[in-house]
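Residue-level structure breakdown
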Amino acid sequence: MPARGRTPRPMKVVIAGGGNGGLWAAHRLAGSAEVTVVEAGIDPGDPVPRRFLHEHGFPDCDWDYTDTDSGRHLVRGRVLGGGSTVNAAAGSRGQAGGFADWGEGWQWDDLLPALREIESDEQYGDREYHGDRGPIRITRLSPGPLERAFGEAAAAEGHADCPDHNAPGAFGVGPWPTNRVDGGRWGCLAAVAPLVRPRVNLRAQTLVRRILFDGDSATGVEIEGPGGVERLPADLVLCAGGAYGTPELLWRSGVDAPQIGVGLQDHPWVMLDVEADPDAIAQRPVSGSLLRGWLDDPADEYQVFPFSAWLYDRTASRGTWSVSVALMQPESRGRVTRGPGDRARISLGHLAERRDVDRMLTAIERTDAVLARMEAEGTIKIPPGSWWRGVDLERELRRRVETYNHPVGSCGIGRTVDRRLNVRGTRGLKIVDASVMPSIPNGGPNLVSMAIGLIGGSLALADAGLARTP
Ligand SMILES: Cc1cc2nc3c(=O)[nH]c(=O)nc-3n(C[C@H](O)[C@H](O)[C@H](O)COP(=O)(O)OP(=O)(O)OC[C@H]3O[C@@H](n4cnc5c(N)ncnc54)[C@H](O)[C@@H]3O)c2cc1C
């Protein structure tokens, strides 16, 4: 019991990682608790520099991970705003069925209030399943000539018109919901950091080296920043380092919770590169069309979206239109294991399950049918010898499959954390990022990881018996 007349001090919370989950948890907690956000990368500041709004590829703000299966580099934003500062700003949130195995308290209806609170949907904000007051602005960009032709070809192949991919039960072809303002990426750096900075202690360019414990209770963190190594005491530590960074931090801290790194999932995708008029491509280089189809069952969802190859790779031709095909509810799982120096050793495990291979092959076949119609109309050219029309397609698929940059689930609910996001076997330690997703949603993890941060912040307040400030 506090001494008579003495005001109890505010709860001290340290958030390790200022990305999607971390900034949204900070937003929820600031004002009700004394919050410090520790971000290893830079804070680019406000107003957001143009490059973080309009450019792609940030080697100076990256964690430099590698997929050990393929040897390919894995991009992970090391910058305030995390993935949402470097990503493709696709704001598709997935459908209810994609959360069916998330367990009690984490079903679609449980997540929807947070998903609504995050967003202002410019076209459909008045619908009950959308928000119109959140800082993340969702819009749909007008189609260019290639998007129109793609939509017509997909319709001729039997795909429904889909004006809002975030509407319940939506499938078909239509504009990408994208978090952009004036064409620029509108992620957590642009939209959430300005709300959080004045209300928290933000330590950028500072690494959380380890979580400190007294027995099984987290008591703070050890950080290393421009001023050297320091200890920050805390009543509660929230890990928000992402699907690779959070396991690393737990290992560095000697946390022995169950199944860390087990259960990693990612959407596998491949590119079908076709040729088109560079001026037509330039009219809508990214965030144009999205086709969501399914094979035998809605759980067999695949996504197709075209974009300018040159936008992401300056060695590519401006006339290359990359048509990506991704499997949205893969069964395969990868693993993050503890590598030398407690660095994450990542095996994405794409196409480990036979069923995923078969589903990818069928999705490619269906996509090729749409592209063939476009070619017949003269809007694109499928180069002779294209890999997906050759022999031994499965071998080529396995060689070319890569990451959609959507890793989740390395510290899943029901495995490493409980339903209130507490790290099992510890006290005063929660995880509030994409690593807790029990399985990969059938949309992008961008908005869902933000929702997890917001819910994690609410759970922390509720656990402490604190009221939420508006
Ligand atoms: C190139 C790319 C494109 C993508 N495109 C899309 C898309 O279009 N749509 C979509 O839905 N999803 C997309 N994603 C995925 C999406 O951005 C992520 O799922 C999301 O950012 C995950 O949020 P998070 O909070 O788990 O982690 P992050 O947003 O990655 O945040 C983790 C933060 O923690 C920091 N950190 C880590 N360890 C430490 C430490 N020890 N100390 C201090 N700080 C630390 C990191 O620097 C980072 O800022 C993309 C991702 C990438 C990389």
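Residues numbered from 1 in each chain as written. Predicted model: local features only at pLDDT ≥ 70, side-chain atom pairs only at ≥ 80, totals over all residues. Heavy atoms only, no water.

Focus: the site of the ligand
Contacts to the ligand come from 37 residues, most closely from Gly21, Glu39, Gly83, Ala434 and Asn446. Ala90 places a polar main-chain atom, nitrogen or oxygen, 3.0 Å from an oxygen atom of the ligand. Pro445 places a polar main-chain atom, nitrogen or oxygen, 3.2 Å from an oxygen atom of the ligand. Counting only elements with at least two residues in the shell around the ligand, the list comes to helix H1 (20-29), helix H3 (83-86), strand S11 (207-214), helix H8 (242-252) and helix H13 (445-463). For the shell around the ligand, the class distribution of residues is 14 nonpolar, 18 polar and five charged. (Near = heavy atom within 4 Å. Polar contact = N/O pair within 3.5 Å; in protein donor to acceptor, adjacent residues only side chain to side chain. Helix = DSSP H or I, 4+ residues; strand = E, 2+ residues; numbered from the N terminus. Nonpolar A, V, L, I, M, F, W, Y, C, P; charged D, E, K, R; others polar.)

Some thoughts on the sheet that holds strand S18 (residues 320-327)
Note: strands within a sheet are paired through backbone hydrogen bonds, in either parallel or antiparallel orientation. Taken in spatial order, the six strands of this open sheet run S7-S16-S17-S18-S15-S21, and their pairing is antiparallel. Because the sheet does not close on itself, it has two edges, and the strands there are strand S7 (172-175) and strand S21 (402-403). Examined bridge by bridge, strand S16 (residues 289-294) and strand S17 (residues 301-308) share four bridges and lie antiparallel to one another. By the bridge assignment for S17, Trp294 is matched with Glu301. Relative to S16, helix H5 (residues 145-156) is tilted by about 20°, and along the sheet it contacts S7, S16, S17 and S18. Of the strands in this sheet, strand S15 (268-275), S16, S17 and S18 touch helix H11 (residues 354-377), which is tilted by about 145° from S18. (Pairing = 2+ DSSP bridges. Contact = heavy atoms within 4.5 Å. Axes fitted to C-alpha atoms, helices over the stretch in contact; angles between N-to-C directions.)

Examining the packing of aromatic side chains
Counted by the stated rule, this structure contains 14 aromatic pairs. Centroid distance Trp269 to Tyr404: 4.6 Å. Interplanar angle 10°. Geometry classified as stacked. You can see Trp269 sitting in strand S15 and its partner Tyr404 sitting in the loop between S21 and strand S22 (429-431), a full 135 residues away along the chain. Each of the two residues, Trp269 as well as Tyr404, counts as buried. Aromatic side chains Phe305 and Phe307 sit 5.5 Å apart centroid to centroid with 35° between the ring planes, which places their arrangement in the tilted category. (Phe/Tyr/Trp six-rings, centres within 6.5 Å; stacked < 30°, edge-to-face > 60°. Buried < 20%, exposed > 50% of the residue type's maximum accessible area, 1.4 Å probe, protein only.)

Side note on the state of the cysteines
Enumeration according to the criterion identifies zero disulfides in this entry. In this model Cys61 remains outside any disulfide bridge; the closest cysteine sulfur is found in Cys188, 15 Å from its own. (Disulfide = S-S within 2.5 Å.)

Considerations on the sheet that holds strand S2 (residues 34-38)
Taken together, the five strands give an open sheet; going across it, the order is S10-S2-S1-S14-S22, and neighbouring strands pair in parallel fashion. The open sheet is flanked by strand S10 (201-203) and S22, the only strands paired with a single partner. For this sheet, the mean inter-axis angle between neighbouring strands, taken without regard to orientation, is 20°. The pairing of strand S1 (residues 12-16) with strand S14 (residues 236-239) spans four bridges and is parallel. For Ile15, the partnering residue across the bridge sits in S14 and is Leu238.

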